[in-house]
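What the coordinates show
What follows is the residue order along each chain.
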Amino acid sequence: GGYKNTHTKNIMSAPNKADGGVERAEDRLNIQGTKAPIFYVALAEKILTDQETLHIHALGSCIEAAVGVADRLERNGLVKITKLKTDKGGRNDATAQIVISITKTAEFGKLYEAQKKDRETRAGEHE
């Protein structure tokens, strides 16, 4: 079946004063505690096939997973972590939050295709 990215739908953030830009919904990946980190690694890779940068967002107990996702992508040579921002929530909200900005490396396409081929080979071995 067709995969639909529901994690970034209809989520806009306020303009970032530092760069004057507005983060588009498709540039954002929200990490939630409902799925394993490897799911978000694969989802980030898929999103990055069509764009250069991605902003990984997480709150509270999901921060560790977000850091793990960004770290794994960077260790695999697919991305560079370009910005890390931490904050507390709104006025009455003390929930910690993190935004990790990542950018594709020049080798992304080659590495992504090799990993995809490797996964398909392993999947075929288990049938």
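Right above here is the structure, for reference.
Note that the structure is predicted; figures quoted are calculated from it, not measured. (Residues numbered from 1 in each chain as written. Predicted model: local features only at pLDDT ≥ 70, side-chain atom pairs only at ≥ 80, totals over all residues. Heavy atoms only, no water.)

Comments concerning the packing of aromatic side chains
For any pair of aromatic rings, geometry is given as the distance between the ring centres together with the angle between the planes. What the rule picks out here adds up to 2 aromatic pairs. Seen in terms of ring centroids, Phe-39 and Tyr-40 are 5.1 Å apart; in terms of plane orientation they differ by 85°. Their pairing is edge-to-face. With a relative accessible area of 26%, Phe-39 lands in the partly exposed category. Tyr-40 sits in the buried class, given a relative accessible area of 0%. With a centroid separation of 5.6 Å and an interplanar angle of 5°, the aromatic rings of Phe-108 and Tyr-112 are classed as stacked. With Phe-108 and Tyr-112 both in helix α3 (residues 108-125) and 4 residues apart, this pair spans about one turn of that helix. Both residues of the pair, Phe-108 and Tyr-112, count as buried. The ring of Phe-39 carries Lys-35 above its face, with NZ or CZ at 5.2 Å from the centroid. (Phe/Tyr/Trp six-rings, centres within 6.5 Å; stacked < 30°, edge-to-face > 60°. Buried < 20%, exposed > 50% of the residue type's maximum accessible area, 1.4 Å probe, protein only. Helix = DSSP H or I, 4+ residues; strand = E, 2+ residues; numbered from the N terminus. Lys NZ or Arg CZ within 6 Å of the ring centre and 35° of its normal.)

Notes on the layout of surface pockets
Here the second largest pocket is characterised by a volume of approximately 180 Å³. Ile-38, Val-41, Ala-42, Glu-45, Arg-72, Asn-76, Gln-115, Asp-118, Arg-119 and Arg-122 are the residues that line the second largest pocket. When residues of the lining of the second largest pocket are traced back to their parent elements, those giving at least two are α1 (37-48) and α3. For the lining of the second largest pocket, the class distribution of residues is 3 nonpolar, 2 polar and 5 charged. (1 Å grid on protein atoms, 1.4 Å probe; cavity = no way out; pocket = protein on both sides within 12 Å on 5 of 7 lines; lining within 4 Å. Points joined across faces, edges and corners; volume = space filled by probe spheres on them. Nonpolar A, V, L, I, M, F, W, Y, C, P; charged D, E, K, R; others polar.)

Observations concerning the pattern of salt bridges
Per the stated rule, a full pass over the model turns up 4 salt bridges. Among the salt bridges present, the one from Arg-119 reaches Glu-45, with a minimum N-O distance of 3.6 Å. Separated by 74 residues along the polypeptide, Arg-119 in helix α3 and Glu-45 in helix α1 bring together distant segments of the chain. Assessed through its relative accessible area of 2%, Glu-45 is described here as buried. Between Glu-52 and Lys-104 there is a salt bridge, with the nearest N and O atoms lying 3.7 Å from each other. Of the two residues, Glu-52 is situated in the loop between α1 and β2 (53-59) and Lys-104 in strand β4 (residues 96-104); the sequence distance between them amounts to 52 residues. (Salt bridge = Lys/Arg side-chain N within 4 Å of Asp/Glu carboxyl O.)

Focus: the nonpolar core
Across soluble globular proteins, nonpolar side chains have a tendency to be buried as a group. Leu-29, Ile-31, Ile-56, Leu-73 and Ile-102 are the most contacted members of the largest nonpolar core, which totals 24 residues. The set of elements that each furnish at least two residues to this core consists of α1, β2, α2 (63-75), β4 and α3. Here this core gets 6 residues from one element, more than from any other, and that element is α1. (Core = buried A, V, L, I, M, F, W, Y, C linked by side-chain atoms within 4.5 Å.)

What about α2?
For α2, built from 13 residues, the straight-helix expectation of 18 Å at 1.5 Å per residue is met to within 8% by its first-to-last C-alpha distance of 18 Å. Listed in full, the buried residues belonging to α2 are Ile-63, Ala-66, Val-69, Ala-70 and Leu-73. Taken around the axis of α2, the buried residues stretch over an arc of 125°, which confines them to a single face. Those residues of α2 that are exposed and angled more than 90 degrees off the buried face are Glu-64 and Arg-75. In this fold, the buried residues of α2 make contact with α1, β2, β3 (79-88) and β4. Taken from the residues just after α2, Gly-77 is the one with a positive phi, measuring 85°. (Expected span 1.5 Å × (residues − 1). Arc of directions from axis to C-beta. Contact = heavy atoms within 4.5 Å.)

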